[in-house]
Protein chains: 2
Amino acid sequence: VIAEKAIAVLTASPEFAGKKILVTAGGTIEPIDPVRYIGNRSSGKMGYALARNAAKRGGAVTLISGPTGLAAPEAVEVIRVETAAQMRTAVLTRFADADIIIKAAAVADYRPREVAPQKIKKAGEVLSITLEKNPDILTELGQIKRQRQILVGFAAETQNLIDNAREKIVRKNLDMIVANNVTLPGAGFNTDTNIVKLLYKDGNIEDLPKMSKDEVARIILDKIHQYCQTAY
Amino acid sequence: VIAEKAIAVLTASPEFAGKKILVTAGGTIEPIDPVRYIGNRSSGKMGYALARNAAKRGGAVTLISGPTGLAAPEAVEVIRVETAAQMRTAVLTRFADADIIIKAAAVADYRPREVAPQKIKKAGEVLSITLEKNPDILTELGQIKRQRQILVGFAAETQNLIDNAREKIVRKNLDMIVANNVTLPGAGFNTDTNIVKLLYKDGNIEDLPKMSKDEVARIILDKIHQYCQTAY
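Every value quoted in this text rests on a predicted model; they were computed, and no experiment measured them.

*Asks:* Where do I start with unusual backbone geometry in this structure?
*Replies:* A negative phi angle is the norm for most residues apart from glycine, just as the trans form is the norm for most peptide bonds. Residue and element names in this part refer to chain A. Residues other than glycine seldom take positive phi values, yet Arg148 does so here, at roughly 75°. Relative to the assigned elements, Arg148 resides in the loop between helix H4 (137-144) and strand S9 (150-157). Classification of Arg148 by relative accessible area gives exposed; the value is 55%.

*Asks:* Looking at this structure, I do not really get the pattern of salt bridges. What am I missing?
*Replies:* Side chains bearing opposite charge may pair, as long as their charged atoms lie close to each other. Under the criterion given, the structure shown has 44 salt bridges over all chains. The salt bridge involving Arg111(A) is made with Glu132(A); its shortest N-O contact spans 3.2 Å. Placement of Arg111(A) in strand S7 (residues 110-112) and of Glu132(A) in strand S8 (residues 126-133) is noted, with a sequence separation of 21 residues between them. We classify Arg111(A) as partly exposed; its relative accessible area is 26%. The partner of Glu206(B) in a salt bridge is Lys223(B), and the shortest N-O contact between them spans 2.9 Å. Of the two residues, Glu206(B) is situated in strand S13 (residues 205-207) and Lys223(B) in helix H6 (residues 213-231); the sequence distance between them amounts to 17 residues. In this structure Lys223(B) comes out as buried when scored by relative accessible area, which is 17%.

*Asks:* Could you clarify how one ought to interpret the sheet that holds strand S2 (residues 30-31) of chain A in this entry?
*Replies:* By definition, the strands of a sheet pair up through backbone hydrogen bonds, in either a parallel or an antiparallel sense. The strand order across the open sheet built from 4 strands is S2(A)-S3(A)-S3(B)-S2(B), with neighbouring strands paired in antiparallel fashion. With one partner strand each, in any of the chains shown, S2 of chain A together with strand S2 (30-31) of chain B form the two edges of the open sheet. Sheet analysis places strand S3 (residues 36-40) of chain A next to strand S3 (residues 36-40) of chain B, joined by 5 bridges and oriented antiparallel. The residue of S3(B) that forms the bridge with Arg36(A) is Asn40(B).

*Asks:* Hey, could you run me through H4(A) in this one?
*Replies:* Residues and elements named next belong to chain A. Buried within H4 we find Ile137, Leu138, Thr139, Leu141 and Gly142. Structurally, H4 contributes buried residues whose contacts are with helix H3 (84-95), strand S6 (100-103), S9 and helix H5 (161-171). Measuring from the side-chain oxygen of the N-cap residue of H4 to the backbone nitrogen of Leu138 gives 3.1 Å; that N-cap residue is Asp136.

*Asks:* What is the right way to look at the interface of chain A and chain B in this model?
*Replies:* Many analyses report the size of an interface as the accessible area lost when the parts associate. At the interface, 39 residues of chain A touch 39 residues of chain B. Between chain A and chain B, the buried area comes to about 3800 Å², and carbon and sulfur atoms account for 47% of it. Among the residues chain A hides against chain B, the three largest losses belong to Tyr37(A), Arg41(A) and Lys122(A). Together they make up 18% of the total. A salt bridge links Lys122(A) to Asp109(B); the shortest N-O distance between them is 3.8 Å. The tally of links from chain A across to chain B stands at 26 residue pairs in polar contact (both at pLDDT 80 or more). Breaking the side of chain A that touches chain B down by element, the ones donating at least two residues are S3, S8, S9 and H5 of chain A. The element that contributes the greatest number of residues to the side of chain A that touches chain B is S8(A), accounting for 8 residues. Class assignment for the residues of the side of chain A that touches chain B results in 16 nonpolar, 9 polar and 14 charged.

*Asks:* Even after reading the chapter, I still don't get the sheet that holds strand S4 (residues 60-65) of chain A, so can you show me in this structure?
*Replies:* Residues and elements named next belong to chain A. With respect to topology, 8 strands assemble into an open sheet ordered S5-S4-S1-S6-S9-S10-S12-S13, the strand pairing being mixed. Of all the strands in the sheet, the pair left with one neighbour each is strand S5 (77-80) and strand S13 (205-207). Each neighbouring strand pair of the sheet contributes to a mean axis angle of 15°, computed without reference to strand direction. Relative to strand S12 (residues 197-200), strand S10 (residues 176-181) runs antiparallel, the two being bridged by 4 bridges. Following the sheet pairing, Val178 is matched in S12 by Leu198.

Calculation notes
- Residues numbered from 1 in each chain as written.
- Chains lettered and ligands numbered in written order.
- Predicted model: local features only at pLDDT ≥ 70, side-chain atom pairs only at ≥ 80, totals over all residues.
- Heavy atoms only, no water.
- Helix = DSSP H or I, 4+ residues; strand = E, 2+ residues; numbered from the N terminus.
- Buried < 20%, exposed > 50% of the residue type's maximum accessible area, 1.4 Å probe, protein only.
- Salt bridge = Lys/Arg side-chain N within 4 Å of Asp/Glu carboxyl O.
- Pairing = 2+ DSSP bridges.
- Contact = heavy atoms within 4.5 Å.
- Polar contact = N/O pair within 3.5 Å; in protein donor to acceptor, adjacent residues only side chain to side chain.
- Buried area = accessible area lost by both parts, 1.4 Å probe.
- Nonpolar A, V, L, I, M, F, W, Y, C, P; charged D, E, K, R; others polar.
- Axes fitted to C-alpha atoms, helices over the stretch in contact; angles between N-to-C directions.

As far as function goes, none of this settles anything; it's purely spatial.
Structural data, given as structure tokens:
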């Protein structure tokens, strides 16, 4: 085994050569009418950094992206979607084929039950919108995941970070979850830095200090690579 | 009068020299909780084109902008806001001082009645959000507008374009309204072109063909300039 590892290091092919990596990024938007929508503050920066870094390290990367202002990373296939339903279809179509799936997108939990075909005119003082639950894509993936597929989720929380993330890793059958408290300065949405904790299936937790999203991406991919080596 | 006009043309100082021009652009976002919000599809391109063009023609331009992915136009003072309430404060603070006010922003008509201090956890199958009306900034401006101030509004509609725009020009005490049907291909949000109708206080209507937002901006400013010459 030591000899094998030495050979692997010496021949030094890119770490993710031959691996198909599926990354999701950005937020989804859920139309209320042709003009208005419910959105979220995800900028897509974390997911784009992961896709860019994975491609640099030899992975065959597909990035499924909600609306963002970001340019497509080099050597990455980008598929653009708007709603959670479109995101779900795009992910499910490509899931079986992927070795590593990293779900960095902030997919809307709820969508308006009815989408008005015309712009809703301003009328009464109060307007009520009824939302219904979107399917939970990550949970679905955890259910159909096969052996040797690595599934990584994200948890953006504003409180009870560790408890919420631990609960998700078990319930959604994930290998790893990247948790961040989006209310900390220098963490979360629209910043170029992030402060995350990495939680693993086996209960381990790693705390990363504040660093650029590019560095966070590099470390997440280091960990995924190590996990591939030890788990199989 | 002819002699005066000839002198004005010959001396050819920039058309908007000495004019203070206030432009609003982009959409506003109305938080539901720290992560989610209600937004709209305004890209800000039309308002930014107006601000850029007005500054090129000698105006002292202030641009009050909702969140957009656009860079600040050259020689324009940019004030960034998020919500309709912030937009209102920023506009009211600068209104008295402005000669020409062009409200190209798509300000949210409604905001969530309560903003949750923490991210709302996914719970029941159905979630209801109650919205309350935002103040109508354009209507307020029409009420406090003084003589020789020119107030231009925008109307993005998906149906009954002319009727809705005509009603607004009267009720909101505007000098001019730029109306577009955002459902037409090549018009409205996130496109680089627009198809608009210009409606005036006196009942006149001009139809412009599909053209770039930069060209639309140039024509709107031509019309405003003509209006300044004839109205006073």
